Amino acid sequence: MKKILLISLLCLAVVSCGKKEEVKEEVAQATEASQPADVGVPNPFEIVDTLDEAAKIAGFSLETPTEYADYNSLVIQAIADDMIEVIYFDAEKTHEGLRIRKAVGTDDISGDYNEYKEENVVKVGELEVTEKGNDGNISVASWTDGTHSYSINVDEALLNADDIAKLVETIK
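These remarks concern the structure in this document. (Residues numbered from 1 in each chain as written. Predicted model: local features only at pLDDT ≥ 70, side-chain atom pairs only at ≥ 80, totals over all residues. Heavy atoms only, no water.)

The subject of this paragraph is the pattern of salt bridges. Under the defined criterion, the tally for this structure stands at four salt bridges. A salt bridge links Arg101 to Glu85; the nearest nitrogen and oxygen atoms lie 2.6 Å apart. Here Glu85 lies in strand E3 (residues 83-89) and Arg101 lies in strand E4 (residues 96-104), a separation of 16 residues in the sequence. Across the pair, Glu85 and Arg101 agree in class, each one buried. For Arg99, the salt bridge is made with Glu96, and the minimal N-O distance between the two is 2.9 Å. The exposure class of Glu96 is buried, given its relative accessible area of 15%. (Salt bridge = Lys/Arg side-chain N within 4 Å of Asp/Glu carboxyl O. Helix = DSSP H or I, 4+ residues; strand = E, 2+ residues; numbered from the N terminus. Buried < 20%, exposed > 50% of the residue type's maximum accessible area, 1.4 Å probe, protein only.)

Further remarks concern unusual backbone geometry. Its identity is not glycine, yet Ala69 carries a phi of approximately 50°, on the positive side. Mapped onto the fold, Ala69 is located in the loop between helix H2 (51-58) and strand E2 (73-79). A relative accessible area of 56% means that Ala69 is categorised as exposed. Unlike most non-glycine residues, Asp135 shows phi in positive territory, near 55°. Residue position: Asp135 is located in the loop between strand E6 (127-134) and strand E7 (137-144). The exposed category is assigned to Asp135, whose relative accessible area is 60%.

Let us now look at the side chain of Lys102. Of note, Lys102 is situated in strand E4. Among the polar contacts made by the side chain of Lys102, one reaches the main-chain carbonyl oxygen of Ser61 at a distance of 2.7 Å. Excluding its chain neighbours within four sequence positions, the residues that come into contact with Lys102 are Phe60, Ser61, Leu62, Asp82, Met83, Ile84, Ile109, His148, Ser149, Tyr150 and Lys172. (Polar contact = N/O pair within 3.5 Å; in protein donor to acceptor, adjacent residues only side chain to side chain. Contact = heavy atoms within 4.5 Å.)

Think of an α-helix as 3.6 residues a turn; residues three or four steps apart then line up on the same face. Restricting attention to buried positions, one finds in H2 the residues Ala54, Ala55, Ile57 and Ala58. Down the axis of H2, the buried set is contained in an arc of 160°. They therefore lie on one face. Within H2, the exposed residues directed more than 90 degrees away from the buried face are Asp52 and Lys56. Structurally, H2 contributes buried residues whose contacts are with strand E1 (46-48), E2 and E3. Immediately beyond the C-terminal end of H2, within one or two residues, lies Gly59, with a positive phi of roughly 90°. (Arc of directions from axis to C-beta.)

Looking now at a negative patch on the surface. A cluster of acidic residues, Glu46, Asp49, Asp52 and Glu53, forms a negative patch at the surface. Within the element layout of this structure, Asp49 appears in the loop between E1 and H2. On the accessibility criterion, Asp49 (68% relative accessible area) is exposed. (Patch = residues over 30% accessible without salt bridge, like charges linked within 9 Å, V, L, I, M, F, W, Y side chains within 5 Å. Areas by Shrake-Rupley, 256 points an atom, 1.4 Å probe, with all protein chains shown as cover. Lys, Arg positive; Asp, Glu negative; His and termini not counted. Charge placed at Lys NZ, Arg CZ, Asp CG, Glu CD.)

What follows covers the side chain of Arg101. The exposure class assigned to Arg101 is buried, which follows from its relative accessible area of 14%. Within the local environment of Arg101, its side chain forms a polar contact with the backbone oxygen of Ile109, the two atoms lying 2.8 Å apart. From its side chain, Arg101 meets the backbone oxygen of Ser110 in a polar contact 3.4 Å long. Every residue in contact with Arg101, bar those within four places of it in the chain, is listed here: Met83, Ile84, Glu85, Ile109, Ser110, Gly111, Ser149, Tyr150 and Ser151.

This is the structure we're talking about:
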């Protein structure tokens, strides 16, 4: 009698384990069917060939230098009704020198939230420009004209306060 009871318990245990796996598979299938695949956040920027094309997308214009030092290969991109960004690369497009942005509004659009040893607000013409950097090199500059925000983010180019001021004067 004990043998029959033990065999019955073992059979019941085997059947229960089999059912658990079936239930797990059903739950997994239902979860896959009800949740879309993780595709990430889409890139809002549209790459274009000219600043005129970017202006049509963004709804405003941007004037920037056609090159800066050895960085003469540009990538121009825009977000509909929001922002224009120009990225300056070297001729081989292997090194980014800097990027210039313009957007609607007065918020800081630099996207740079690093902490720097130096932060100064300087006057460039009528504009108040916030410059952040380390050891005399500016890493990010931002300002507003009351309608649009602007920023210069420096990657591999080395820019001091005078360089930034000259650039700010050319950006409209």
